[in-house]
Amino acid sequence: MTNLLPLPMTLIARIASSFCAALLCLGAAQAQQAPARTTTTGERATLRIACEGDAMDAEVIVNGEFKGECPLDFSTPAGTIELRVVKKLGSTQVRSFEKSLRMGGGTARRIDVELGPPTLTEEGRRIEEARRQREQVEAARLAIEKAEAARRERAQERARIDAEVDQMLASARARNGISPIEGCPDCPPTLRPASRPKVEMPATSEPTLAVWLPQARAEVQAYLADDGASFRPPAQAQPLPCESAAFAMRKLAGLLDPEERTPEEQHEWRERIKPLQLKRYVEYLRDVKLWLVQAQCEQGRLSGPLSFWASGLLVTDTEVYSSVEPRLVRVDANMVAGEAEGLVRQVTRRSGALSRFAGRPDAGSTNPPGTRHEWINLTYRHANPGLAPQALTITFFLGEKADVSRFFEHTRTIFSVPQGNGRSENLEYDGLRPAARSFSRNGFLHGEMTIFAFSQPTGLLTPDIKYPGQTVCYRNGAAVVMNPCRVD
């Protein structure tokens, strides 16, 4: 031990430094090699795409890249994989399977392919769109041809009916010897009775109806005082202020053909005539004429105060009978953008319908020689019945037979008060005496009608009905046998 000489301190320091450096380098190398081994074994995954039946030979696409045909085993980078398997059916259709999955490094997975229903390719969509357009063009052409054929058929049918109507009108003019209204040869005639009815109208607690009653009473008294001369259209008609005015005015006057009405109104009309059980039912208006008193248009539609007269012949033709009913209407309303707003005043005069029954050469028994009828309806209603009472109607009837003229003893008054959803309650009076109570829906009797007492024979109330009267059940305008009356 004594022979060993101590090493210099500087040498010892150099040896220690070199040894530490060697250790550090070895550690760094190991640290670099370990992650490299993990990456090599973990960044790939294995997928087996299994196919059977129709899916055989389908194209396998992974992350937008074609991999081969099914069935197929392949390696793919780990992570999210968008798999799509496509089987072409010609050039226009494909069946496909799509799935999104996440694969970890070093994992394996099997996917069983079930193809979905056929879908169109881009070429298929182009061909299908071209076919659809051709079908639309063909359908439009056929619709035009069908509509034109129907129009020609209707025109021929109306020409036949109009020939019968012209004979009925000519016969009525010759038989009654009535002087026509100037400019309106078939307007309902004004009859001059020898007696006058009592203008008796019941009171009502409903505010709006109470406001309308004085005006209605004054109009009835004026009509009776001048033998109806005040209810006469002007001799000359003024030009309409805009193209849309004619339809709006005919609608307000109730002079529209069934096909011109809304789908809801057409449905109601069909329901109303269904109980008649007729194989053929044709209804239309002819010889419609408009006399303008006051009107103006803004942006092509009626706007502001509107006042006019309208006339027309309501023609009905079935396999059982044909009839024509002349109507004359006076309308006053306020228009906003082509639609009525607020109170609408409508006065209608109509004659008893001229009728001809199948197998009879002349007019039927409802129009025997020397018989004339006239009804006057004064109606005050709101354009929107949901905002106010729907209508006040005062009806009085004038009949003439064998040169003896008479009015009914009393005026007939009907209050119609809305209950919502197109429903209303109707109270009918003969003079001051309650005559009937009924309910209606969308303008048709619907529900229970109670007839209180004897009234004049207007067709609804007959002399054999005694107090306390009888009850009739109605559904959509047709009487039905039902007790209790539960029509909804």
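Since we're looking at a predicted model, the values are computed, not measured. (Residues numbered from 1 in each chain as written. Predicted model: local features only at pLDDT ≥ 70, side-chain atom pairs only at ≥ 80, totals over all residues. Heavy atoms only, no water.)

*Asks:* Provide a residue-level description of the sheet that holds strand S8 (residues 119-120), including the pertinent values.
*Replies:* Reading across from one edge, S3-S2-S5-S6-S8 is the order of the five strands in this open sheet, with antiparallel pairing throughout. The open sheet is flanked by strand S3 (65-69) and S8, the only strands paired with a single partner. Where strand S2 (residues 59-62) and S3 come together, four bridges link them in antiparallel fashion. Each bridged residue has a counterpart across the sheet, and for Val-60 the counterpart in S3 is Gly-68. (Pairing = 2+ DSSP bridges. Helix = DSSP H or I, 4+ residues; strand = E, 2+ residues; numbered from the N terminus.)

*Asks:* Let's hear about the confidence of the model for the protein: which residues, and what values?
*Replies:* Do not read the predicted coordinates in detail wherever pLDDT is low. Put simply, the protein has an average pLDDT of 78, and 77% of its residues get 70 or more. For the stretch residues 1-13, pLDDT sits under 50, and the model shows one contact to residues farther than four places along the chain or on other chains. Considering only residues more than four positions removed or in separate chains, one finds that residues 363-367, a stretch of pLDDT under 50, has 15 contacts. (pLDDT = per-residue confidence, 0-100. Contact = heavy atoms within 4.5 Å.)

*Asks:* Explain the packing of aromatic side chains to me, using residue names and the numbers behind them.
*Replies:* Enumeration according to the criterion identifies four aromatic pairs in this entry. On the basis of an interplanar angle of 65° and a centroid distance of 5.9 Å, the ring pair of Trp-269 and Tyr-281 is categorised as edge-to-face. Residue Trp-269 is found in helix H5 (residues 263-273), and its partner Tyr-281 is found in strand S9 (residues 281-294); the two are separated by twelve residues along the sequence. Assessed through its relative accessible area of 17%, Trp-269 is described here as buried. Summarising the aromatic geometry, the rings of Tyr-321 and Phe-357 are spaced 6.4 Å apart at their centres and angled 50° between planes, so their arrangement reads as tilted. (Phe/Tyr/Trp six-rings, centres within 6.5 Å; stacked < 30°, edge-to-face > 60°. Buried < 20%, exposed > 50% of the residue type's maximum accessible area, 1.4 Å probe, protein only.)

*Asks:* Pulling in residues and values, what's your account of the pairing of strand S1 (residues 44-50)?
*Replies:* Here six bridges tie S1 to strand S4 (residues 72-77), and the two strands are oriented antiparallel to one another. The partner of Thr-46 across the bridge, within S4, is Ser-75. Bridging between S1 and strand S7 (residues 108-112) involves five bridges; their strand directions are parallel. In the sheet register, Thr-46 faces S7, and the bridge partner there is Ala-108.

*Asks:* Pulling in residues and values, what's your account of the sheet that holds S1?
*Replies:* Strands in a sheet are paired, the pairing made by backbone hydrogen bonds, and the direction either parallel or antiparallel. With mixed pairing, three strands are arranged side by side in an open sheet as S4-S1-S7. Each edge of the open sheet carries a strand with a single partner, namely S4 and S7. Between one strand axis and the next, the sheet turns by 25° as a mean value, whatever way the strands run. (Axes fitted to C-alpha atoms, helices over the stretch in contact; angles between N-to-C directions.)

*Asks:* So, the environment of Ala-50: which residues are in play, and what are the values?
*Replies:* Relative to the helices and strands, Ala-50 is located in strand S1. Along the primary structure Ala-50 and Asp-73 are separated by 23 residues, whereas in three dimensions their C-alpha atoms are 8.5 Å apart. If we skip the residues at most four places from it in the chain, Ala-50 touches Cys-70, Arg-110, Ile-111, Asp-112 and Val-113.

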